[in-house]
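# Geometric and topological summary
The primary structure of each chain is shown beneath.
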Amino acid sequence: METIFTISIIVGAVIFANIIYAIFPKIPLAFYQIAAGLLLSLLPLFHHYQLNPEIFLYAIITPLMFNDAQNTSRRRLRRGIANVLSLSIFLVVITVIILGFSINSLFPLMTLPLAFAIGAIVTPTDAVAVKSITSNMALPNRIMNTLENESLFNDASGIVALNLSLSAYREGSFSVGHGITSFIFSFFGGLILGAILGLLIVRLRIWLREIAADSIPISVPLQILTPFIIYFVAEQFEVSGILAVVAAGLVHGAERDRLQLTSTKTQFATASIWTIISDVLNGFVFVLLGLTLPTVVLDLISTHTLQFFSLFGLALLIYAISTGLRFLWVYAGFVKLPYRDLNRPTVSAIMAASGIHGTVTLSMALSIPFSLANGKSFPMRNEIIFVAAVVILLSLIVPNFVIPLLVPAKVKAAKEAPVNIRAIRNDMLDFAITELQQTVSGTQSAQIVLETLYNQKSDYTRPSYETLTRLFKKTQHVEQTTVQQLVTTDDITPKQQLSYERFLIQSNFATKKSIWQILWRRIKSGFKYLTFGLLKKRRIAQLRRNLTDQQRKKIKDTRQIFAQIEDHGYNAVIEYLNNETTVDNFAAIGIVRRSYRERHRRFSNSDETNDTQKDLFITAFQYEYDYVDNHLTDQLISTDTAKQLREQISYDEIVYMQNSDNFD
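Since the structure is predicted, the reported quantities are computational estimates derived from the model, not experimental observations.

## Some details on the overall build of the protein
Counting secondary structure elements, the protein contains 27 helices and zero strands. The 664 residues of the protein split such that 50% are buried. Nonlocal contacts in the protein, meaning residues at least 24 apart in sequence, comprise 82% of its contacts between residues at least 6 apart. For the protein, the accessible area works out to roughly 32100 Å², and carbon and sulfur atoms hold 62% of it.

Structural data, given as structure tokens:
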């Protein structure tokens, strides 16, 4: 129970650090997370806090590597495969060997296997950290793509090298030749086995789809369990479990894009859950570094102060050697990159400085066991963690000063030019359209949603929220008056009037609430959409199957009456809007008119069609929000521009979603 409680507090610290980063994004997120961990270390509960080392490799690195692999661009990976192999295999092996012998000769307390272990720990790189540092710099895309692909595979290479080093230490002997042979077998064996297992699981998911059993409660947990299952099986075959997970992730990503394994709703749920898992696990590791570092430093100082400074100097030397090797490797031409406006020494220096270490390096250091098989404490564990932590901090700090000197800043004039919000909004819509086209087939519902998005590109309107509220209230009054007239002329009964007016009140919810209440409703709807939507549909489907013929006829008649009432109300509202249209209120009138047009269209659709279109609109809006969030994070748009785009998405939600709940 205490473990669950402490992990919950650490996750809370991750959330707190993310909030601070959102307010002050100038400092890298990792530093906020480390600071949060340092603050937690002051609490008595976290004094000398330790977490089971096995958790790091299995429960943290495994899902992170799988998610990175399935989101990797296969096209870019194929184009840069030579560079990836050069950096993630050959450079990793050379770096581990040179660092191993250097550390052992300079610090004899580190036996050769432990020295190789340190070399392996500091080989993985973190492309996400590089991206955050260079977000406002004109870093060539080819270099960034190379760093991202390298990060995926050299993480796995470093883990393989670490496992071999620890095995050599436990066995008491080490052979460089045998180590390289074992590395190659574990590396490629893991890739082959992972690809095979990944294809088998993909076939399972296809079969589940064919028998209509690929719902969210089945499909999402299966995908989350996939990396853990593959890792466990690969380790039983004595090949790299991490590389097997990477291969399976690449297979899943390729098949997802090509075969559209799941429905739009399931893909939306899966992507959201994996994003949360990835962000929390990355933050968890850095908070844990802040928690662990005080204990490690105090233990080292209390044991031998001189050794503490020696280890600090050793970490500086390791960072210098590994960075120098990266520079020479690229400069010698083992990595083919376009130079264009940047010369070879500059590109080599950028690649060298971009060798930032992060989550995987720290997780590898913390995964070293507390004790050996004979019960004795694992030697030099704190020393290795301390050296790894210093190297990580150096790799995060130094590039902030070096890379800006090497890479030109993005053109400042573009930043100072007036923002073309319409062009940016159209780019956002293009992004949503492209994502939808990749995830849905050419159904009529999909075409309607895509056509709606295309039409929005030529209609950029942003009236005030108060103007919209006032217009919606007036049109609701017009419709209520029309319905009352139908009662007066005996076209409908007072009971039917009451039922329809209840529908009007519900469908006009957005016009009577504050923006915060609308936001809360959106969150609540999203939660229901991801959790209870499927169960609700099943329950409704079952109720429909159990209806008698008389009940079915009654429901059909009621729907027809509602459709007739709505038709009268719709025509009255459109006539009112046409008469009220002026140059000043044209934009607001257009939004209100589209809203009523959407409602009118839904009345002529079947329940199944309405549900499908609702799901597609929700997905499209989520893609638009993702576009805004990603561009704001990458500093491609300003906070004010992001606010305007979010307001426009909210207007579109009012138009297309405010009546949808009443058709469930």
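## Topic: the packing of aromatic side chains
Considering all chains together, one arrives at nine aromatic pairs under this definition. Ring geometry for Phe-101 against Phe-116: centres 5.5 Å apart, planes inclined by 85°, an arrangement best described as edge-to-face. Taken together, the residues Phe-101 in helix H5 (residues 81-106) and Phe-116 in helix H6 (residues 112-121) connect sequence positions 15 residues apart. For Phe-101, a relative accessible area of 41% gives the class partly exposed. Plain terms: the ring middles of Phe-431 and Tyr-623 are 6.5 Å apart, the flat faces sit at 90° to each other, and that makes the pair edge-to-face.

## What about the environment of Tyr-500?
Turning to its location among the elements, Tyr-500 is positioned in helix H21 (residues 494-507). In the structure, Tyr-500 is positioned 66 residues away from Glu-566 in sequence and 8.5 Å away in space, judged by C-alpha atoms. Beyond its immediate sequence surroundings of up to four residues, Tyr-500 is in contact with Glu-479, Val-483, Phe-562, Ile-565, Glu-566 and Arg-599.

## Concerning the environment of Gln-307
Here Gln-307 is to be found in helix H13 (residues 305-331). A residue is classified by how much of its surface remains accessible, and Gln-307, at 16% relative accessible area, is buried. In sequence terms Gln-307 and Glu-383 are 76 residues apart; their C-alpha atoms lie 9.3 Å from each other. Other than its neighbours up to four places away in sequence, Gln-307 contacts Phe-107, Leu-109 and Glu-383.

## Quick word on the confidence of the model for the protein
Averaged over all residues, the pLDDT of the protein equals 78, while 79% of them reach at least 70. Confidence, expressed as mean pLDDT per element, reaches its minimum in the protein at helix H17 (residues 412-416) with 41 and its maximum at H6 with 92. Here residues 411-416 scores under 50 on pLDDT; set against residues more than four positions off or in separate chains, the count is zero contacts.

## Observations concerning the side chain of Gln-223
Along the chain, Gln-223 turns up in helix H10 (residues 216-236). The residues contacting Gln-223, other than those within four sequence positions of it, are Phe-66, Gln-70, Arg-205, His-252, Thr-270 and Trp-274.

## Regarding helix H1 (residues 2-23)
For H1, which comprises 22 residues, the first-to-last C-alpha distance of 32 Å matches the rise-based estimate of 32 Å (1.5 Å per residue) to within 8%. For H1, the set of buried residues is Thr-6, Ile-10, Ala-13, Val-14 and Ala-17. Taken down its axis, H1 places every buried residue within 100° of arc, on the same side. Turned more than 90 degrees from where H1 packs its buried face, Ile-4, Ala-22 and Ile-23 sit exposed.

## Comments concerning unusual backbone geometry
Of all residues except glycine, most have a negative phi; of all peptide bonds, most are trans. Positive phi is not limited to glycine here, since Glu-238 has a value of about 60°. Secondary-structure assignment places Glu-238 in the loop between H10 and helix H11 (241-259). The class of Glu-238 is exposed, set by a relative accessible area of 67%. In the Ramachandran plot, Met-380 falls in the positive-phi region, its phi being about 65° despite a non-glycine side chain. Note that Met-380 resides in the loop between helix H15 (359-366) and helix H16 (381-406).

## Some words on the nonpolar core
By size, the foremost hydrophobic cluster in this structure holds 120 residues, and its most contacted members are Ile-10, Phe-153, Leu-288 and Ile-318. Top contributing element to this core by residue count: helix H12 (residues 264-303), with 13 residues. Grouped together as the second largest cluster of nonpolar side chains are 23 residues, Phe-617, Tyr-625, Tyr-627 and Ala-642 included.

## Remarks on a nonpolar patch on the surface
There is a patch of nonpolar side chains on the surface, built from Ile-180, Ile-184, Phe-188, Ile-192, Ile-196 and Leu-200 and spanning about 550 Å² of accessible area. Locating Leu-200 in the fold gives a position in helix H9 (residues 176-210). With a relative accessible area of 54%, Leu-200 lands in the exposed category.

## Things to note about the packing of helix H3 (residues 54-70) against helix H8 (residues 141-171)
Their axes nearest at 10 Å, the elements H3 and H8 cross at an angle of 150°. Considering the angle they form, H3 stands roughly antiparallel to H8. As H3 runs across H8, the sense of the crossing is left-handed. Contacts from Leu-57, Ile-61, Met-65, Asp-68 and Ala-69 of H3 reach H8 at Leu-152, Asp-155, Ala-156, Ile-159 and Asn-163. Its residues assigned to classes, the contact of H3 with H8 shows seven nonpolar, one polar and two charged.

## Let's talk about the pattern of salt bridges
Counted under the stated rule, the structure contains one salt bridge. Among the ionic pairs, Arg-326 bridges to Glu-150, the shortest N-O distance being 2.6 Å. Taken together, the residues Arg-326 in helix H13 and Glu-150 in helix H8 connect sequence positions 176 residues apart. Glu-150 shares its class with Arg-326; the two are buried.

## Some words on the environment of Val-130
Considering the arrangement of structural elements, one finds Val-130 in helix H7 (residues 127-133). Residues Val-130 and Gly-355, 225 residues apart in the sequence, show an inter-C-alpha distance of 8.2 Å. For Val-130, the residues in contact, after removing those within four places along its chain, are Met-144, Leu-147, Ser-354 and Ile-356.

## Things to note about H5
Here H5 contains 26 residues, and its C-alpha end-to-end distance of 36 Å stays within 8% of the 38 Å for a straight helix at 1.5 Å per residue. Along its length, H5 shows its largest kink, about 35°, at Leu-91.

## Let's talk about a positive patch on the surface
Taken together, the side chains of Arg-75, Arg-76, Arg-78, Arg-79 and Arg-142 define a basic patch exposed on the protein surface. With four residues, the single largest contributor to the positive patch is helix H4 (residues 74-79). Mapped onto the elements, Arg-76 comes out in helix H4.

Criteria and cut-off values
- Residues numbered from 1 in each chain as written.
- Predicted model: local features only at pLDDT ≥ 70, side-chain atom pairs only at ≥ 80, totals over all residues.
- Heavy atoms only, no water.
- Helix = DSSP H or I, 4+ residues; strand = E, 2+ residues; numbered from the N terminus.
- Buried < 20%, exposed > 50% of the residue type's maximum accessible area, 1.4 Å probe, protein only.
- Contact = heavy atoms within 4.5 Å.
- Areas by Shrake-Rupley, 256 points an atom, 1.4 Å probe, with all protein chains shown as cover.
- Phe/Tyr/Trp six-rings, centres within 6.5 Å; stacked < 30°, edge-to-face > 60°.
- pLDDT = per-residue confidence, 0-100.
- Expected span 1.5 Å × (residues − 1).
- Arc of directions from axis to C-beta.
- Core = buried A, V, L, I, M, F, W, Y, C linked by side-chain atoms within 4.5 Å.
- Patch = residues over 30% accessible without salt bridge, like charges linked within 9 Å, V, L, I, M, F, W, Y side chains within 5 Å.
- Salt bridge = Lys/Arg side-chain N within 4 Å of Asp/Glu carboxyl O.
- Axes fitted to C-alpha atoms, helices over the stretch in contact; angles between N-to-C directions.
- Parallel < 35°, antiparallel > 145°, perpendicular 65-115°, else oblique.
- Left-handed = near helix turned anticlockwise from the far one by under 90°.
- Nonpolar A, V, L, I, M, F, W, Y, C, P; charged D, E, K, R; others polar.
- Bend = angle between axes of the 7 residues up to and from the residue.
- Lys, Arg positive; Asp, Glu negative; His and termini not counted.
- Charge placed at Lys NZ, Arg CZ, Asp CG, Glu CD.

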